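Chain residues, written in single-letter form:
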Amino acid sequence: MTSSPPPESGAPGSRRPFDLVIFDCDGVLVDSESIAIRVDQRVLADLGWELGLEEIVERFVGRSEAHFVAETERHLGIRLDADWEQKYQHWYRTAFERDLAAVDGIEDALAQLRLPHCVASSGTHAKMQRTLGQTGLLPAFEGRIFSASEVERGKPAPDLFLHAARMLGAEPAGCAVVEDSLYGVQAARAAGMHVFAFGGGVTPAARLAGPGTTVFRHMRELPDLISAGRP
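Read on for a plain summary of the structure. No experiment lies behind these values; they were computed from the predicted model shown.

### A word on the overall build of the chain
Within the chain one finds ten helices and six strands. Relative to a compact globule of 231 residues, whose C-alpha radius of gyration would be 17 Å, the chain shows 19 Å and is just as compact. Across its three principal axes, the chain shows a C-alpha extent of roughly 75 × 35 × 30 Å. Counting over 231 residues, the chain shows a buried share of 49%. Taking as baseline every contact in the chain between residues at least 6 positions apart, the subset at least 24 positions apart corresponds to 64%. Surface accessibility of the chain: about 11,500 Å² in total, with carbon and sulfur atoms responsible for 50%. Within the chain, the 32 negative side-chain charges are centred at a point lying 2 Å from the centre of the 23 positive side-chain charges.

As structure tokens, this is what we get:
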């Protein structure tokens, strides 16, 4: 008598359903990254640090505001005043009010999602309230929004994703993370969560590929990918 071979990795019988979907915010829900990095470039130049857009993506996309400040101070050898941002807030506000929109296809993807979901972002709560509110996405996540300000270490450490899962009573292995940045992808992997890496943003898709990661290029693909379960 011969036994049946085990199912191949990724076959339907070997997939575990997800219990929770954790969304990054910037670049995943709101199409903000391309706006922000252009303003970041102006701000850094005004402070004395000339950087190209690609280098800004590499250094800062997916990281916290505290990381941005620390790296800027380290490179320039200065201490920024506590209110240093006040000079530049209107630059960001004007650009976001003019250009910010939801990521193409995300509203339909959320409408098809039948699983508990939340936001876990490097951005502050105030920033997410503004951007999710402006794009009409806030009601889909009200009461389930988590910020890196709530944990000791931001991305690429796993702390924020583990915090979100713990707060919502989900095991890490049962969580799917939707990310668009290299640091966010690394954080999801470190948390033991499967990551769906959106390759349609500012970070090249090839940079996001790796273990425990499914790279996709349009949000219309996401509902089917999530409903198939964890490979």
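### Comments concerning unusual backbone geometry
With an omega dihedral of 20 degrees, the bond running from Lys155 to Pro156 counts as a cis peptide bond. Among the structural elements, Pro156 can be located in the loop between β3 (145-147) and α7 (159-167).

### Observations regarding helix α2 (residues 53-60)
Burial in α2 covers these residues: Ile56, Val57 and Phe60. Axial view of α2: buried residues confined to an arc of 105 degrees, hence all on one face. The secondary structure elements touched by the buried residues of α2 are α1 (33-47) and α3 (65-76). The first or second residue beyond α2 is Gly62, which carries a positive phi of 95 degrees.

### A closer look at the nonpolar core
Residues Phe23, Leu29, Ile106 and Leu132 are the most contacted members of the largest nonpolar core, which totals 50 residues. In terms of residue count, α1 provides more of this core than any other element does, six residues in total. Ignoring any residue separated from it by four or fewer positions in sequence, one finds Phe23 in contact with Val28, Leu29, Ile106, Leu110, Leu113, His117, Cys118, Val119, Ala120, Phe141, Val178 and Leu222. Core analysis: the second largest hydrophobic core is formed by 22 residues, Ala120, Val151, Ala164 and Ala197 among them.

### A look at the packing of aromatic side chains
Where two aromatic rings form a pair, the distance of their centres and the angle of their planes describe that pair. In this structure the tally under the stated criterion is eight aromatic pairs. Consider the rings of Phe18 and Phe196, whose centres lie 5.8 Å apart with planes at 75 degrees: the pair is edge-to-face. Remark: Phe196 occurs in strand β5 (residues 194-198) and Phe18 occurs in the segment before β1 (20-23); sequence separation between them is 178 residues. A relative accessible area of 2% means that Phe196 is categorised as buried. A connected cluster of aromatic rings, assembled from ring pairs, spans Trp49, Phe60, Phe68, Trp84, Tyr88 and Trp91. Here the guanidinium or amino end of Arg42 rests over the ring plane of Trp91, the centre of that ring lying 4.0 Å away. Its guanidinium or amino end placed over the ring of Tyr183, Arg63 lies 4.7 Å from that ring's centre, counting from NZ or CZ.

### Remarks on the sheet that holds strand β2 (residues 117-121)
Read from one edge of the open sheet, six strands run β3-β2-β1-β4-β5-β6, paired in parallel fashion. Whereas interior strands pair on both sides, the edge strands pair on one side only; in this sheet they are β3 and β6 (213-216). Direction aside, the axes of adjacent strands within the sheet are offset by 25 degrees on average. Both β2 and β3 contribute to a ladder of three bridges, which runs parallel.

### Some points on a negative patch on the surface
Together, Asp31, Asp104, Glu107 and Asp108 give the surface a local cluster of negative charge. Looking at the secondary structure, you find Glu107 in helix α5 (residues 106-112). According to the relative accessible area criterion, Glu107 is partly exposed, its value standing at 47%.

### With respect to the side chain of His67
Mapped onto the secondary structure, His67 falls in helix α3. For His67, the residues in contact, after removing those within four places along its chain, are Arg59 and Phe60.

Definitions and limits used
Residues numbered from 1 in each chain as written. Predicted model: local features only at pLDDT ≥ 70, side-chain atom pairs only at ≥ 80, totals over all residues. Heavy atoms only, no water. Helix = DSSP H or I, 4+ residues; strand = E, 2+ residues; numbered from the N terminus. Rg over C-alpha atoms; globule rule 2.2 N^0.38 Å. Buried < 20%, exposed > 50% of the residue type's maximum accessible area, 1.4 Å probe, protein only. Contact = heavy atoms within 4.5 Å. Areas by Shrake-Rupley, 256 points an atom, 1.4 Å probe, with all protein chains shown as cover. Lys, Arg positive; Asp, Glu negative; His and termini not counted. Charge placed at Lys NZ, Arg CZ, Asp CG, Glu CD. Arc of directions from axis to C-beta. Core = buried A, V, L, I, M, F, W, Y, C linked by side-chain atoms within 4.5 Å. Phe/Tyr/Trp six-rings, centres within 6.5 Å; stacked < 30°, edge-to-face > 60°. Lys NZ or Arg CZ within 6 Å of the ring centre and 35° of its normal. Pairing = 2+ DSSP bridges. Axes fitted to C-alpha atoms, helices over the stretch in contact; angles between N-to-C directions. Patch = residues over 30% accessible without salt bridge, like charges linked within 9 Å, V, L, I, M, F, W, Y side chains within 5 Å. Salt bridge = Lys/Arg side-chain N within 4 Å of Asp/Glu carboxyl O.

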